[in-house]
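Survey of secondary and tertiary structure
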Amino acid sequence: MSVPTSVGSASQSVAFSCRGVGKQFGSITALRSVDLEVPRGTLLGLLGPNGAGKTTLIRILLGITSASQGSVRVLGATVPYREVLPRIGYMPQNLAVYTDLRVRQNLGVFGRLYGLSSESLSSRSRDVLELVHLSDRAGSRVSELSGGMQRRVSLAVALLTNPDLLLLDEPTVGVDPELRAEFWSYFHRLASEGKTIVMTTHYMEEATQCDRVAMLHAGELIAYDVPSVLKGRTHTSTMDDAFLALVRGRSGGGAS
Amino acid sequence: MSLARVLAVTRKSLGQISGDRRTFAFVLVVPLVLILVFGYGFGGQPTHVAVAVSNSDVGPDGARLLAALPSGVLDLTNASSAASAYNSVHDGNAWAAIVIGPNFSRDLVAGNATITAYLDGSSPTTASAVLSAIQSSIQKTFAGPTGKTPLVIAPEYVYGSATTSFIDTLAPGVMAIVVTFATTILAILVLVREKSQGLIERLLATPLRPWEFVMGHGLSLAVVAAAQSTVVLVASIVIFQASFVGSIGLAFGILVLYALGNIGLGLLISAVAQSEFQAVQLIPFIIFPQLLFTGALFPLDSIPVSFRPVSEFLPLTYAADALRSILLRGWSIGSIGWDLLALILYAGLTLGGAAALVRRQA
């Protein structure tokens, strides 16, 4: 509702922050007292096994789900913040594009919902389709594309408004290695331009390419740091082992 | 509320409908097929209608009257008495019974003759065919130089009530049913489909509001309903030569308004349903009570008294009543205020409820 206002220079440099964020679905606790502050220009990996609360956290950042406890600020605005939604790109875990419509029509639907003018819609469409290597398939129905191509359409929609914050839920699933490498270099470039990217993955190793990783386990934030630091602190050589060591450390009661 | 966003959803949905050839055909062909089925099923001129006759006239005129009845239309069976003629209608063996009393010839001379026609009003078209056959026979046999006939037909309804043709009582109700059949079903499926593909959640991550989402879908389906209303009105007039005395434009408006309410109901169901399968199962529960308890197809008087209050809660009652008043009585918008209010309320409540439920989806 309220127009996002920035308070001081500190909030200018923060992409989003969570203060004591919890979420219950009935008797199930999806998130428990999460505190997290992510500076702009960060490429953040949100890690954790299935059901750890990654998607719930993303949905809370988007305002689709409201937090049961705590407060969330995104791009200087407190939720609900419909006005900043065009500045947030979102690629959900499921496809969430109209498979019976053509690629270009999908970009049209979302572009108009985000309030893009027809000129910027067509120029942005061209840019994002080029980026995801689908320029020659703009006229194809999404249902006619391969699974990986369909994921790329979903990513193209997320990138359409040239957003300041990108929330990507498992963006690399079903994308072949060559293109995945290209995505990563693009994500790094966006981050260097000051864009903030949050991507969930349950492939821990992929996350070593992130600036920082936030590890979720059973709804709790068990670590938030630079990947190499996490590995060093746990004396492990892989992110998988680092995660396991952190989980074991907690359940053993002897947390660091 | 942003019109641009509403229209974005509308445009998207119309693109989906017109892009899918089968759905597109479904949308236009189904109402045409249904109006033809209903039209020919109810509106054709009946032939070989079973009619029992009891002629106890001591003079010759009773027999003259019966002899002049058009034979292709009526199949006459002699009954032993007036009571047995009546019973053949009562028991469903004849659509009508013609009873001519013993003094018919004498009364005819005196100018006060009466014949009784017992009619099965459950088929208005048949009943009116019988009556017009008798009428034409009387005209042929007894009309004087002025064209006036010295006798009266006393129609008595064994079943049903006032005599009517297809176009007279059924067309308005049938139109309302036909027009909303496809739109309601499409509405029932549309949200479920978007929900199952994660699209509702995705759309709510854009500035789109639940109200705008529901209104966008409502508008796109209203366009479908408008196309169907046109098909049905034109078919009624061109194919069935319906003689509508009222405003076609107003009737069109009522059809679309009623469709909007049904779209809202469909979206409401769609928002509650967890799967397309679930949603589809609810369709008969919406369709059949409306067919049976609203006076759209069968006269309300033919429903048991205890069921009659049900009709007041079924929107089709108001839609059919409004359409009948407009098309057949020539009433203007001012005279159908209550119907209009009921239909606006219906559309408002269902669309509002759907919007509220979509919000809860997320």
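Residues numbered from 1 in each chain as written. Chains lettered and ligands numbered in written order. Predicted model: local features only at pLDDT ≥ 70, side-chain atom pairs only at ≥ 80, totals over all residues.

With that settled, the discussion passes to the overall build of chain A. A tally of helices and strands in chain A yields eight helices and 10 strands. Expressed along its principal axes, the backbone C-alpha trace of chain A runs to roughly 55 × 45 × 40 Å. Restricting to contacts in chain A with at least 6 residues of sequence separation, those with at least 24 account for 69%. (Helix = DSSP H or I, 4+ residues; strand = E, 2+ residues; numbered from the N terminus. Contact = placed C-beta atoms within 7 Å.)

Residue and element names in this part refer to chain A. Judged by how many residues are buried, strand β7 (residues 165-169) sits mostly within the fold: five of five residues are covered. Here β7 shows no split at all, with Leu-165, Leu-167 and Asp-169 on one side and Leu-166 and Leu-168 on the other all buried. As defined by bridge partners, β7 adjoins strand β8 (residues 196-201) across five bridges and the pair is classed as parallel. Within β8, the position partnered with Leu-166 by the bridge is Ile-197. Read as a crossover between parallel neighbours, the route from β7 over helix α6 (residues 177-192) to β8 is right-handed. (Buried ≥ 20, exposed ≤ 12 C-beta atoms within 10 Å, placed from the backbone. Pairing = 2+ DSSP bridges. Right-handed = clockwise from strand over helix to strand, strands pointing away.)

Right, let's get into the nonpolar core. Residues Ala-156 and Leu-167 of chain A together with Ala-176, Ala-319 and Leu-323 of chain B are the most contacted members of the largest nonpolar core, which totals 150 residues. Broken down by element, the residue count for this core peaks at 15 residues, all from helix α7 (residues 166-196) of chain B. Counting 32 residues, the second largest nonpolar core, distinct from the first, contains Leu-65, Ala-97, Leu-108 and Leu-119 of chain B. (Core = buried A, V, L, I, M, F, W, Y, C linked by C-beta atoms within 7 Å.)

This part is about the interface of chain A and chain B. Tallying the contact residues gives 21 residues for chain A and 20 residues for chain B. Here the side of chain A that touches chain B gets five residues from one element, more than from any other, and that element is helix α3 (residues 103-113) of chain A. Here the side of chain A that touches chain B is composed, by residue class, of 14 nonpolar, four polar and three charged. (Nonpolar A, V, L, I, M, F, W, Y, C, P; charged D, E, K, R; others polar.)

Below, the discussion takes up the environment of Leu-179 of chain A. For Leu-179 of chain A, the location among the structural elements is in helix α6. You can call Leu-179 of chain A partly exposed: it has 16 C-beta atoms within 10 Å.

As a rule of thumb, non-glycine residues mostly have phi less than zero, and peptide bonds are mostly trans rather than cis. Residue and element names in this part refer to chain A. In the Ramachandran plot, Ala-96 falls in the positive-phi region, its phi being about 55 degrees despite a non-glycine side chain. Tracing the backbone shows Ala-96 in the loop between β6 (88-91) and α3. For His-235, which is not a glycine, the phi torsion comes out positive at approximately 55 degrees. Along the polypeptide, His-235 turns up in the loop between α7 (227-233) and α8 (239-251).

What follows deals with the sheet that holds strand β10 (residues 220-225) of chain A. All names here are of chain A. The strand order β6-β7-β8-β3-β9-β10 describes an open sheet built from six strands, whose pairing is mixed. Of all strands in the sheet, those bounded by a partner on one side alone are β6 and β10. Averaged over all neighbouring strand pairs, the angle between strand axes comes to 15 degrees, with direction disregarded. As paired strands, strand β9 (residues 212-217) and β10 are joined by five bridges and run antiparallel to one another. When the sheet's bridge partners are listed, Met-215 is paired in β10 with Ala-223. The sheet contacts of helix α2 (residues 54-62) involve β3 (43-47), β6, β7, β8 and β9, and relative to β7 the element is tilted by about 150 degrees. (Axes fitted to C-alpha atoms, helices over the stretch in contact; angles between N-to-C directions.)

So, about the sheet that holds strand β5 (residues 77-78) of chain A. Residues and elements named next belong to chain A. The strand order β2-β1-β4-β5 describes an open sheet built from four strands, whose pairing is antiparallel. Every other strand in the sheet has two partners, leaving β2 (28-39) and β5 as the edge strands with one partner each. Where strand β1 (residues 14-25) lies against strand β4 (residues 69-74), five bridges are found, and the strand directions are antiparallel. The residue bridging Arg-19 from the neighbouring strand is Ser-71, located in β4.

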